[in-house]
Amino acid sequence: MLQVIIKRVLIAIPVILVVASLTFFLVRMAPGGPFDADKVVPPQVMKNLNAVYNLDAPLMVQYKDYMLNLLQGDFGPSFRYPGRSVTEMIFTGLPVTFELAFYAIIVAILIGSLAGVLAAVKRNTALDYIPMTIAMIGICMPTFLLGPLLVLIFGIQFEVLPVSGWGSLSGDKILPSITLGAAYAAYIARLSRGGMLETLSQDYIRTARAKGLPEYKVIINHALQGGLVPVVSFLGPAIAGLIGGSFVVETIFQIPGLGRFYVEAAFNRDYTMILGTTIFFSSLIIFFNLLSDIAVLLMNPRARSDA
Amino acid sequence: MKTFNIILFLFILSGCGENISPVDSALEKQILLFGNGSEPQGLDPHIVTGVPEHHLLISLCEGLTIANPKGGDNLPGVAESWEISPDGKKYTFYLNKNARWSNGDPITANDFVWSWMRILTPSLGSQYPDMLYYVKGASDFHQGLTEDFSMVGVKAVNDHELSVELNNPTPFFIKLLSHYSTYPVHKDTVLKHGSIDDRNGQWTRPGNFVCNGPMNLKTWELNKEIVVEKNHLYWDADKVRLNQIIYYPVSNESTEDRMFRAGQLHVTNVVPLEKCPVYIENNNPNLRIEPYMGTYFYRINTLHPILKDKNVRLALAYAINRKQIVENVSKCGQKEAYSFTPPGSAGYEPDTTIPFDPELAKSLIADAGYANGEGFPVLEILFNTQEGHRKIALAVQQMWQENLGISVQLVNQDWKVYLAREMTGDFQISRAGWIGDYEDPNTFLDTLRPNRGNNKTGWENKEYDELVALANATNDQSSRYEYLYQAERILIDEMPIIPIYTYVRQYQLSNDVKGWYPNLLDTHHPKFIYLER
């Protein structure tokens, strides 16, 4: 297994370098620059600004300088927010985004796997149809609809939860976590139902039942481990997706996370910030995929022998 | 079922009993909860540009004058009084001897000299140095033609007397001095955290920040909130009744609207486009619609082979029914615009008109060689992606089709792409807006002079240029306005831009907020504001 991990890490390095280089040239190709504004910046001022940020050097020189700094872990200063480094901004937003993703994934796993397992065990009954219908709606309903809907009901109509914020008012983390987790809960419900159904039809489950084990023991001790494998392999990309895709929820609920920096950087042509966040997110995705692969290896003996 | 149960459970955890909103609890503590648009770029008055930054900086720092909350002439700031020489070119400011920095140091005339030198230092890369170009020698220093700052017309006569010499009598100069680009910064603090031209200096961080406004910087959490609290060393601290202001960078209009409805904000930055007509119809008591010094217009590329013909431009302008646009499309109290400068700013009332006259428009386009629109190529209207702009462009497209028989295409682009296309002249007609920096028609009319970066139309008119220059060299307000009225007439007669409507400020304000008055520049100085129910 160690070999697999080392191999994967070694592949990751060139991947990140390619991502960094591609992003570097792609953002430069986009029309408009970081200092373009509604009120035109006089040419003299633009010249000064370009000089301050090394934008007057030839593109290849800028590329070389950037990559050399990157190898030393320096993402450079933000163009949009003078006085702030990209690293500082990433590490300001990251804990919040992580926390949000953590609560969301807890919501997703709790609701999703409970509903999925229940649906599989009570197959073709109301306990199967109702959660699965809700799951289908959950998958189809985008967060930008669910979020405001929850806010209107619980924040404005019943006035029981704050409509925005993160850690400022009591209970303000509940609605964003549910909103972000809901879609993933729905996926997890369907995946765990499918996984459980497959496992429940296996011979070793029949053997367990034949030996007279009570049904709950069959499910908890024998079926769950195999039935939840699809969920675990989904969790890696899901966590990466939660972190990278939290932008909409962060915007709806006014949460100071990394997703907002990422998207706003693209709109602002904040070159260093776009690069920094892209490289950071790519690394995260690679890391979480690796983690979930390792978890699957640990849970599934067959995959272990394939590896 | 499970989902519902868990939501219910989470509710119980959240403490459903608390029904006191933040606005309720802020009342007694005199804390203003302020929706401030986007996250400010920073707090260095010589580097930042933008409205959210302006809101913060009028709390944290103070220039020689401050904007009058009720509009009109500026009020004393750090300068308690001033004298203007008879030719209008020499200003002497007498600084308030009680004016102090937030660390207790007295504010001296030298602080202003050093601060103005800083913003004019080319390597700082400030984007607003031209606010001081009216000062003698300032432009030369900024453009590197001289490195000797003593050639610039700002001098400290003594600790409390500042003398400023201008190139021309500039009647709006006092108004410029409440703009943050002219604010003083604390020299020792700036230099402690970097050099005079360091854009990335850390002096604006909480704990380091020293300035001279009615409020002090307390905390700053990126994309979450900035908290400022009363500065007891401020020279007019007795007048300041607010204890704190919390600025929330809420860039999403719908989120901001929901925050206001849930009692989490006293004042919003805007009202969502689709909500405005609804709130008007429901007589929402918190809705504020106030005159604003800005014009929404269509910019024409006069270098385009078809659009360089004045008759075509006039035809396009006369075929637009502005009344219908404000009543049926924008629907938020906007006023039809018949001049570039919004009427009423500093007593300026231009007499220009733009008729809605399809017959006249038809004959003008026929004179240009396109009778009934035949042979007229398909032009593009460029706009930045936003629903409001799209609706107006659709209406204009339809009016031109109906009234002139010509078709245009709508092209929407991301903000930066739109800016780049406008700047390089890669457009035919583009939607545009202009908001005044100070309350004077010059902030509008100056932009359309030749060689002004913000002109972007390619239009050059010698007579217009001379009239605006003449107005700026005149000390007498009535003859100055007379020149500007003439310039405005030339503009509307030539139509390099087609005015559509005059902006209004639309936002929501809690009834608890007192001492908040409408004014054209939408500047609400915190020292006049308080909370009372």
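Residues numbered from 1 in each chain as written. Chains lettered and ligands numbered in written order. Predicted model: local features only at pLDDT ≥ 70, side-chain atom pairs only at ≥ 80, totals over all residues.

Draft legend 1. Spatial organisation of the overall build of chain B. For chain B, the helix and strand inventory stands at 17 helices and 18 strands. In terms of C-alpha radius of gyration, chain B reaches 25 Å, essentially the compact-globule figure of 24 Å for 533 residues. Projected onto the principal axes, the alpha-carbon positions of chain B cover approximately 80 × 75 × 35 Å. For chain B, with 533 residues in total, the buried portion stands at 50%. Excluding contacts between residues fewer than 6 apart, the proportion of contacts in chain B whose partners are at least 24 apart in sequence is 68%. (Helix = DSSP H or I, 4+ residues; strand = E, 2+ residues; numbered from the N terminus. Rg over C-alpha atoms; globule rule 2.2 N^0.38 Å. Buried ≥ 20, exposed ≤ 12 C-beta atoms within 10 Å, placed from the backbone. Contact = placed C-beta atoms within 7 Å.)

Draft legend 2. Structural detail: the pairing of strand 10 (residues 244-248) of chain B. All names here are of chain B. Where burial is concerned, most of strand 10 is hidden: four out of the five residues are buried. With five bridges connecting them, strand 1 (residues 31-35) and strand 10 associate as parallel partners. Within strand 10, the position partnered with L33 by the bridge is I246. In this structure, strand 9 (residues 225-230) lies alongside strand 10, joined through four bridges in antiparallel fashion. Its bridge partner being in strand 10, V228 is matched across the sheet by I245. (Pairing = 2+ DSSP bridges.)

Draft legend 3. The sheet that holds strand 12 (residues 335-336) of chain B, seen in detail. Residue and element names in this part refer to chain B. Taken in spatial order, the six strands make up an open sheet running 12-16-11-15-13-14, and their pairing is mixed. The open sheet has two free edges, formed respectively by strand 12 and strand 14 (408-413), since each of these has just one partner strand. In terms of strand pairing, strand 12 meets strand 16 (residues 497-508) through two bridges, oriented antiparallel. Residue pairing in the sheet places E336 in a bridge with Y501 of strand 16.

Draft legend 4. Quick look at the sheet that holds strand 10 of chain B. All names here are of chain B. Taking strand neighbours across the sheet as the criterion, the four strands line up as 1-10-9-8 in an open arrangement whose pairing is mixed. At either end of the open sheet lies a strand with only one pairing partner, and these are strand 1 and strand 8 (215-221). For this sheet, the mean inter-axis angle between neighbouring strands, taken without regard to orientation, is 20°. (Axes fitted to C-alpha atoms, helices over the stretch in contact; angles between N-to-C directions.)

Draft legend 5. Up close: the packing of helix 6 (residues 143-157) of chain A against helix 7 (residues 174-200) of chain A. Residue and element names in this part refer to chain A. The N-to-C vectors of helix 6 and helix 7 enclose an angle of 145°; their axes lie 9 Å apart at closest approach. You can see that helix 6 and helix 7 cross each other, and the crossing is right-handed. Where helix 6 abuts helix 7, its residues T143, L146, G147, L150, V151, F154 and G155 lie against L175, I178, T179, L180, A182 and A183. (Left-handed = near helix turned anticlockwise from the far one by under 90°.)

Draft legend 6. Region of interest: the nonpolar core. Counting residues in each nonpolar core, the largest one holds 129 residues, and the members touching the most others are A104(A), Y184(A), A185(A), L242(A) and L60(B). Ranked by residue count, the leading element in this core is helix 4 (residues 86-121) of chain A, at 14 residues. Residues V271(B), I325(B), M399(B) and I429(B) belong to the second largest nonpolar core, which totals 72 residues. (Core = buried A, V, L, I, M, F, W, Y, C linked by C-beta atoms within 7 Å.)

Draft legend 7. Examining unusual backbone geometry more closely. All names here are of chain B. One non-glycine residue, N223, lies in the positive phi region at around 60°. One can find N223 in the loop between strand 8 and strand 9. What makes N223 buried here is the crowd of 24 C-beta atoms within 10 Å. Of note, N372 is a non-glycine position whose phi angle comes to about 55°, a positive value. The topology assignment puts N372 in the loop between helix 12 (358-367) and strand 13 (379-384). Owing to 12 C-beta atoms within 10 Å, N372 belongs among the exposed residues under this scheme.

Draft legend 8. Structural detail: the interface of chain A and chain B. Contacts between the two partners involve 49 residues from chain A, matched on the other side by 52 residues from chain B. At the level of secondary structure, the elements contributing two or more residues to the side of chain A that touches chain B comprise helix 2 (43-52), helix 4, helix 5 (126-140), helix 6, helix 7, helix 11 (247-252) and helix 12 (258-268) of chain A. Broken down by class, the residue content of the side of chain A that touches chain B amounts to 32 nonpolar, eleven polar and six charged. (Nonpolar A, V, L, I, M, F, W, Y, C, P; charged D, E, K, R; others polar.)

Draft legend 9. Looking closely at the confidence of the model for chain A. Taken residue by residue, chain A gives an average pLDDT of 88. The fraction at 70 or more is 98%. Mean pLDDT across the elements of chain A bottoms out in helix 14 (residues 301-306) of chain A (64) and peaks in helix 3 (residues 59-71) of chain A (94). (pLDDT = per-residue confidence, 0-100.)

Draft legend 10. Fine view of the environment of G207(B). Tracing the backbone shows G207(B) in the loop between helix 7 (187-192) and strand 8. With 24 residues separating them along the chain, G207(B) and Y183(B) place their C-alpha atoms 20 Å apart.

Draft legend 11. A look at the packing of helix 7 of chain A against helix 10 (residues 229-244) of chain A. All names here are of chain A. Two numbers describe how helix 7 lies on helix 10: the axes approach to 9 Å, and their chain directions differ by 160°. Viewed along their axes, helix 7 and helix 10 adopt a mutual orientation that is roughly antiparallel. Of the two elements, helix 7 crosses helix 10, and the hand of that crossing is right-handed. Residues L180, Y184, Y187, I188, L191, S192, G194 and G195 of helix 7 form the contact with helix 10, whose participating residues are V229, P230, V231, F234, A238 and L242. For the contact of helix 7 with helix 10, the residue count by class is eleven nonpolar, three polar and no charged. (Parallel < 35°, antiparallel > 145°, perpendicular 65-115°, else oblique.)

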